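The residues making up each chain are set out below.
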Amino acid sequence: EAQVTQNPRYLITVTGKKLTVTCSQNMNHEYMSWYRQDPGLGLRQIYYSMNVEVTDKGDVPEGYKVSRKEKRNFPLILESPSPNQTSLYFCASSWDKTGVGNSPLHFGNGTRLTVT
Amino acid sequence: GNSVTQMEGPVTLSEEAFLTINCTYTATGYPSLFWYVQYPGEGLQLLLKATKADDKGSNKGFEATYRKETTSFHLEKGSVQVSDSAVYFCALSGSGGYQKVTFGIGTKLQVIP
């Protein structure tokens, strides 16, 4: 089954403790992206990647890192989490890397992160 | 920059009622327009799309028409069901080169029996 898999689904951590949220897709998509979803703000893009070893900042990259060492995986790293990073996070992928409007984004089921 | 405006809701309807969720946008050129749906506990999934003016996207009884003159892409369904309860996101992608998808804030729909 074609899917985007995120882990974990739920994560509670404390300020400053490094964490990684994993994302993997089995559709051989070149484009991958991370979003955070907050009430009243909708989805905001954190980082995206158009190919292996190619990443770029989205709208809200501060406090996050990503890596794309292989096509299927795109982990999101929070080196020193803070309470304002408490949010619902989604990974997404698409086959069209240049005009993502031309093909749908496929989303994972989300990771709910709480930073205390 | 590009932007999408939609009401946050919640919109509460009785089963079999008519649904309209308004969406307006600001963009240069000729963007593609989308509606994504998010069911409880799940990620977003594409519901329908339209890529040029006057196109009508449709899926699962939902429809939306790309209106360039009013910069709108309103979502409609003639008779909603309880299973349509979800959050609906209007989105756009600009034209030319790499263009990210810009999402609205999402409208929560609750359908009661």
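Residues numbered from 1 in each chain as written. Chains lettered and ligands numbered in written order. Predicted model: local features only at pLDDT ≥ 70, side-chain atom pairs only at ≥ 80, totals over all residues. Heavy atoms only, no water.

A.B. asks: Provide a residue-level description of unusual backbone geometry, including the pertinent values.
C.D. replies: With an omega of -5°, the peptide bond running from Asn-7 of chain A to Pro-8 of chain A counts as cis. Tracing the sequence through the fold places Pro-8 of chain A in the loop between β1 (4-7) and β2 (10-13). Residue Gly-9 of chain B is joined to Pro-10 of chain B through a cis peptide bond whose omega torsion reads 10°. Looking at where Pro-10 of chain B falls in the secondary structure, it is placed in the loop between β1 (3-6) and β2 (11-14). A positive phi is found at Glu-16 of chain B, a non-glycine position, where the angle reads about 80°. Positive phi, close to 75°, is recorded for Asp-54 of chain B, a residue that is not glycine. Following the sequence through the fold, Asp-54 of chain B ends up in the loop between β6 (44-50) and β7 (56-59). For Asp-54 of chain B, a relative accessible area of 54% puts it in the exposed group. (Helix = DSSP H or I, 4+ residues; strand = E, 2+ residues; numbered from the N terminus. Buried < 20%, exposed > 50% of the residue type's maximum accessible area, 1.4 Å probe, protein only.)

A.B. asks: Mind laying out the interface of chain B and chain A, listing which residues take part and the relevant values?
C.D. replies: Accessible area lost when the parts come together is the quantity often used to give the size of an interface. Counting residues at the interface gives 21 residues for chain B, matched by 26 residues for chain A. Roughly 1,700 Å² is buried in total at the junction of chain B and chain A, and carbon and sulfur atoms are behind 53% of that figure. Taken together, chain B and chain A are joined by zero salt bridges. Our count for the chain B to chain A interface comes out at five residue pairs in polar contact (both at pLDDT 80 or more). At the level of elements, β5 (32-38), β6, β10 (86-93) and β11 (101-103) of chain B are the ones that each hand at least two residues to the side of chain B that touches chain A. It is β5 of chain B that provides the largest number of residues to the side of chain B that touches chain A, a total of four residues. Broken down by class, the residue content of the side of chain B that touches chain A amounts to nine nonpolar, eight polar and four charged. (Contact = heavy atoms within 4.5 Å. Buried area = accessible area lost by both parts, 1.4 Å probe. Salt bridge = Lys/Arg side-chain N within 4 Å of Asp/Glu carboxyl O. Polar contact = N/O pair within 3.5 Å; in protein donor to acceptor, adjacent residues only side chain to side chain. Nonpolar A, V, L, I, M, F, W, Y, C, P; charged D, E, K, R; others polar.)

Just distances and angles here, no functional claims.
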